Every structure is written in C-alpha cells, then in structure tokens.
Amino acid sequence: MLLWVVLGGVVIKLLLLLIIPMELGVDYVFSGKAQSLRITTRILGIPLSLPISLDKKKKEKNKKEKAEQTSVTVQGFVHGVKKLYHEYTASKEKRHSLWNQIKRHVTCKRCTLSVAYGTGNPATTGMLNGAVWTAGSLLMKLIDSVFPIQEESLSVEPDFVQSCLRLHSKLIISFRAFRLLQIVYGMIRLVKEIKNNITTEEGRC
C-alpha cells in the first residue's frame, strides 16, 4: 500500500512539472577566453541553480598579439551576428510553424545584453561602436522574433584604454514543460541547418 502511495505521489509531481508554468533563467558571461553559463529555475517552489563551466586554458602571447586578436574577435562578433541574422531571415518559411508554436507557449519575461569592448586603438574602437550597437540590436531582434520580450535592456560600453571583449546576457523565460518538449526536436533540426549553412559559407570564403 505504501509503495502505491509513493508511486502515486511521484506520478502527480511529474504531471505537475509538465503542466504548471515554469521559469528558466539563463545567465551567460564571456570575457576574453573565459566563459561561464548558469541555469536557474524553480521547481515546485524549490530554487535550483546549475553552473556550467565553459572556460578554456589561456595561452601566453605578447601585448601586440593580444590586441590584434581582440580586434579580430570584436569584428568577428559583428560579422558573425550579421551572418546569423542573414541565415535566420533566409529560413523564414521553414521556421514559420515552429516559431508560431514557440510564441504561443514560451514567454521571455526579461532579456538583457551588455557588451564591453576595446581594440587597444581608440580610433578603431570608436569606429566599431555603431557596428557593435547594430549587432546587439539584431541579436535582441532575433530573440524577440522567437518569443516576444516583455522587458529588454541593451548596453554597449566602448573601452578606449585596453583591448577587451566582454559579453553578459541574461534571459528569463516562462513555459510549460510538456509544450516545450513538443517543439524541442524541430528547433534542434532548424538550428543545425542554420549552423551547417553558416559553416558552408565560411568554407567558401
């Protein structure tokens, strides 16, 4: 009898997890080559946090090489977002049905993106300011087109003294688990297709 009660309780909790709206927080930080990702959520009133380490070993380079590498990284960020936006708009027909499902069942309560960058050259840093703002705006627009953002914030801080690139993005989304499971498979397929198209394009360049 006790076993059936326990099993019944487990089944009820699983059903509640699938039906009750859940909130998921995604906090991503990139600075130089150091990356960190933290996933936060609350299940049945219990807060859970899962840190994911994305750091890679640093290599010793002289100051000039670091400045050049950072400059390329900043330009690469801008160029990469533009290519992503191009592939995203090109796949409009294939993503239409999937995006409609996401918009109906997933809500982005808050999205913040902060970009701090510098190339080591004040003139180059100043010239890239507009491009970085545009890239950040395109990225926010992409997210908003997937699931409408209720509250958004974008900031760009040029550093005219040192070479650097720091990104800090935070998302808080709300969804029902069983609805999310229905669209995950299609979303994975679409992301893989866009990634393959970008990789193919880079190979041709």
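As a reminder, the structure under discussion sits directly above these lines.
The rules behind the values
Residues numbered from 1 in each chain as written. Predicted model: local features only at pLDDT ≥ 70, side-chain atom pairs only at ≥ 80, totals over all residues. Heavy atoms only, no water. Helix = DSSP H or I, 4+ residues; strand = E, 2+ residues; numbered from the N terminus. Buried < 20%, exposed > 50% of the residue type's maximum accessible area, 1.4 Å probe, protein only. Contact = heavy atoms within 4.5 Å. Salt bridge = Lys/Arg side-chain N within 4 Å of Asp/Glu carboxyl O. Core = buried A, V, L, I, M, F, W, Y, C linked by side-chain atoms within 4.5 Å.

Caption draft 1: The overall build of the protein, seen in detail. Of regular secondary structure, the protein possesses five helices and six strands. Taken from N to C terminus, the helices and strands of the protein fall in the order α-β-β-β-α-α-β-α-β-β-α. Per-residue burial over the protein gives 27% buried out of 205 residues. Here the contacts in the protein between residues at least 6 apart in sequence split such that 76% fall between residues at least 24 apart.

Caption draft 2: Geometry of the pattern of salt bridges. With the rule as written, the count across this model stands at one salt bridge. Here R110 makes a salt bridge to E151, at a shortest N to O gap of 3.9 Å. Placement of R110 in strand β4 (residues 106–119) and of E151 in the loop between α4 (122–146) and β5 (152–158) is noted, with a sequence separation of 41 residues between them. Given a relative accessible area of 46%, E151 falls into the partly exposed group.

Caption draft 3: Examining the environment of W133 more closely. For W133, the position within the fold is in helix α4. Sequence separation between W133 and V78 is 55 residues; the distance between their C-alpha atoms is 9.1 Å. Beyond its immediate chain neighbours, meaning those up to four positions away, W133 contacts L154, S155 and V156.

Caption draft 4: The nonpolar core, seen in detail. Counting 37 residues, the largest nonpolar core has I102, V132 and F147 as its most contacted members. When contributions to this core are tallied by element, the ones reaching two or more residues are β1 (22–31), α2 (63–90), α3 (92–105), β4, α4, β6 (163–175) and α5 (177–204). The biggest single contributor to this core is α4, with eight residues.

By themselves, these are just geometric observations and shouldn't be taken as functional.
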